[in-house]
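# Structural characterization, general
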Amino acid sequence: MRDVIGYLRTRLDELETQAVHLHRAVCATTGNAHAVCDCGYPGLVSADVRARRELIEELVDWLESEDTSDRGRGRTNRALLLLAQPWAQRSDFDPYWRIDD
Ligand SMILES: [Zn+2]
């Protein structure tokens, strides 16, 4: 699971950077690269990424806790894999991480 956790952290860093930079290029609400918008999109993406980073930390804590049962560990692994699915079509995504159901 270590690999997918590192992969997830890297993708979230990219997502946040892309959202801010792509949005800075031009916002659809203004359609003007020089206009300043107040749509709140970059802030929303940053908050979403922050929440997912914290969720990953929680899940890692559960995985590493001796109090977590094998069943709980299995469900936690699945939750981490679910978080990675948005990147399942990338060439560097390990097919072993793919959830098809
Ligand atoms: Zn905007």
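## Re the overall build of the protein chain
In terms of regular secondary structure, the protein chain is built from three helices and zero strands. The linear arrangement of helices and strands in the protein chain, starting from the amino end, is α-α-α. The C-alpha radius of gyration computed for the protein chain amounts to 17 Å, which surpasses the reference 13 Å derived for 101 residues by more than 25%, pointing to a less compact arrangement than a globule. Dimensions of the protein chain along its principal axes, counting C-alpha atoms only, are 55 × 30 × 20 Å. Going through the 101 residues of the protein chain one by one, you find that 4% of them count as buried. Long-range contacts, defined here as pairs at least 24 residues apart, represent 50% of the contacts in the protein chain between residues at least 6 apart.

## Section: helix α3 (residues 70–84)
Think of an α-helix as turning once every 3.6 residues; residues three or four places apart then point the same way. When the terminal C-alpha atoms of α3 are compared, their 21 Å separation across 15 residues agrees well with the 21 Å that a helix rising 1.5 Å per residue should span. Restricting attention to buried positions, one finds in α3 the residues Thr76, Leu80 and Ala84. The buried residues of α3 occupy an angular sector of 90° when projected down its axis, which confines them to one face. Those residues of α3 that are exposed and aimed more than 90 degrees away from the buried face are Arg71, Gly74, Arg78 and Leu82. Structurally, α3 contributes buried residues whose contacts are with α1 (2–25) and α2 (41–64).

## Focus on the environment of threonine 17
The topology assignment puts threonine 17 in helix α1. Among the residues examined, threonine 17 registers 12 C-beta atoms within 10 Å and is labelled exposed. A C-alpha to C-alpha distance of 9.3 Å links threonine 17 and proline 42, two positions 25 residues apart in sequence.

## What to know about the confidence of the model for the protein chain
Looking at the protein chain, pLDDT values average 91 and 100% of them are 70 or higher. Across the protein chain, the secondary-structure element scoring lowest on mean pLDDT is α1, at 89, and the one scoring highest is α3, at 96.

## Some thoughts on the packing of α1 against α2
Contact geometry of α1 with α2 gives a least axis separation of 9 Å together with a crossing angle of 170°. When the axes of α1 and α2 are compared, the pair comes out roughly antiparallel. Between α1 and α2, the residues in contact are Ile5, Leu8, Arg9, Leu12, Leu15, Glu16, Ala19, Val20 and His23 and Tyr41, Pro42, Val45, Ser46, Val49, Arg52, Arg53, Ile56 and Val60, respectively. Residues of the contact of α1 with α2, tallied by class, amount to 12 nonpolar, two polar and four charged.

## Re the packing of α1 against α3
The N-to-C vectors of α1 and α3 enclose an angle of 35°; their axes lie 10 Å apart at closest approach. The way α1 lies across α3 gives a crossing that is left-handed. Of the residues in α3, those touching α1 at Val4, Ile5, Tyr7 and Leu8 are Leu80, Leu81, Leu83 and Ala84. Class assignment of the residues belonging to the contact of α1 with α3 gives a composition of eight nonpolar, no polar and no charged.

What counts, and at which threshold
Residues numbered from 1 in each chain as written. Predicted model: local features only at pLDDT ≥ 70, side-chain atom pairs only at ≥ 80, totals over all residues. Helix = DSSP H or I, 4+ residues; strand = E, 2+ residues; numbered from the N terminus. Rg over C-alpha atoms; globule rule 2.2 N^0.38 Å. Buried ≥ 20, exposed ≤ 12 C-beta atoms within 10 Å, placed from the backbone. Contact = placed C-beta atoms within 7 Å. Expected span 1.5 Å × (residues − 1). Arc of directions from axis to C-beta. pLDDT = per-residue confidence, 0-100. Axes fitted to C-alpha atoms, helices over the stretch in contact; angles between N-to-C directions. Parallel < 35°, antiparallel > 145°, perpendicular 65-115°, else oblique. Nonpolar A, V, L, I, M, F, W, Y, C, P; charged D, E, K, R; others polar. Left-handed = near helix turned anticlockwise from the far one by under 90°.

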